[in-house]
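Listed below, chain by chain, are the residues.
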Amino acid sequence: MEARDALIILHALGAAILLGSVTLAGIVGFTKTLGEKTLVFSKLVNKVVLWSVVLLVATGILLVAPAKEGFLGDKLFLTKMGLFVLSGIIAQGIVGFKVRQAKSEPEQVAVYQKFGPLLTLSSFLLYLVAALGILLTLR
Ligand code: HEM
């Protein structure tokens, strides 16, 4: 197996963990009444998301490095990066910021309730990012 193949496998693993955890969080968000238990769950999901993003960005950079010029001029790759950043701004910059600002756990639950649709949008963008990633590999 070449090093690049191993990187792609790790990258795809990171994508599976990321998409799996945001999907699970979405299902719990839609089917359970938000309360203290779901808040503990949201915080756990946050950690899994953080580490899968670290893995994705690290392996992504290593995949791009050998053919930097090609990728940086590639509309498909740039669209993928744009959607990834947008999804991060929505989930961490807007919702995450409000959750961190909330002073008590009931307030944090209220933020998750209010911004549920935005989190769904951010997850949807991540699915698009993965789909574009697969297109990049297949091309
Ligand atoms: C800084 C962030 C990222 C960079 C630089 C990056 C870069 C890349 C590159 C260059 C490829 C194509 C590899 C090839 O030439 O075959 C790729 C594939 C892929 N990317 Fe990313 N990526 C990033 C983030 C993400 C994220 C956040 C996701 C998921 C939500 C993702 C999902 C995928 C998938 C599913 C593939 C296809 C892997 C396969 O075919 O098995 N990437 N990525």
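Residues numbered from 1 in each chain as written. Predicted model: local features only at pLDDT ≥ 70, side-chain atom pairs only at ≥ 80, totals over all residues.

Before going further, it helps to spend a moment on the overall build of the protein. The helix and strand inventory of the protein stands at five helices and zero strands. Each helix and strand of the protein, ordered N terminal to C terminal, gives the series α-α-α-α-α. Each principal axis of the C-alpha atoms in the protein carries an extent, and together these give about 50 × 30 × 25 Å. Counting the 139 residues in the protein, one finds 17% classified as buried. Sequence separation of 24 or more characterises 82% of the internal contacts of the protein that already satisfy a separation of 6 or more. (Helix = DSSP H or I, 4+ residues; strand = E, 2+ residues; numbered from the N terminus. Buried ≥ 20, exposed ≤ 12 C-beta atoms within 10 Å, placed from the backbone. Contact = placed C-beta atoms within 7 Å.)

Bringing helix H4 (residues 75–101) into the picture now. Over its 27 residues, H4 extends 37 Å from the first C-alpha to the last, a length consistent with the 39 Å expected when each residue adds 1.5 Å. Buried within H4 are the following residues: Lys80, Phe84, Ser87, Ala91 and Val99. (Expected span 1.5 Å × (residues − 1).)

This part takes up the nonpolar core. Among the nonpolar cores identified, the biggest contains nine residues, and these are Ala15, Leu18, Val22, Ala25, Val49, Leu56, Phe84, Leu126 and Val129. The biggest single contributor to this core is helix H1 (residues 3–31), with four residues. Leucine 56 has contacts with His11, Gly14, Ala15 and Leu18, leaving out every residue within four places of it along the chain. (Core = buried A, V, L, I, M, F, W, Y, C linked by C-beta atoms within 7 Å.)

A separate point is the environment of lysine 80. Turning to its location among the elements, lysine 80 is positioned in helix H4. For lysine 80 and lysine 37, which are 43 residues apart along the polypeptide, the C-alpha to C-alpha distance reads 34 Å. Beyond its immediate sequence surroundings of up to four residues, lysine 80 is in contact with Val129, Leu132, Gly133 and Leu136.

Moving on, we get to the site of the ligand. Residues in close proximity to the ligand total 20 residues, the closest being Ala12, Ala15, Gly60, Gly133 and Thr137. Looking at the shell around the ligand, the elements with two or more residues in it are H1, helix H2 (36–64) and helix H5 (105–138). Broken down by element, the shell around the ligand gets its largest block of residues, seven residues, from H5. A breakdown of the residues in the shell around the ligand according to their chemical character gives 16 nonpolar, four polar and no charged. (Near = placed C-beta within 6 Å. Nonpolar A, V, L, I, M, F, W, Y, C, P; charged D, E, K, R; others polar.)

This part covers the confidence of the model for the protein. Per-chain confidence: the protein averages 93 in pLDDT, with 99% of residues scoring 70 or above. For the protein, per-element mean pLDDT is lowest for H2, which scores 92, and highest for H4, which scores 96. (pLDDT = per-residue confidence, 0-100.)

Structurally, serine 42 can be placed in helix H2. Note on serine 42: 18 C-beta atoms within 10 Å, which makes it partly exposed. Contacts of serine 42, omitting those with residues within four sequence positions, involve Ala25 and Tyr112.

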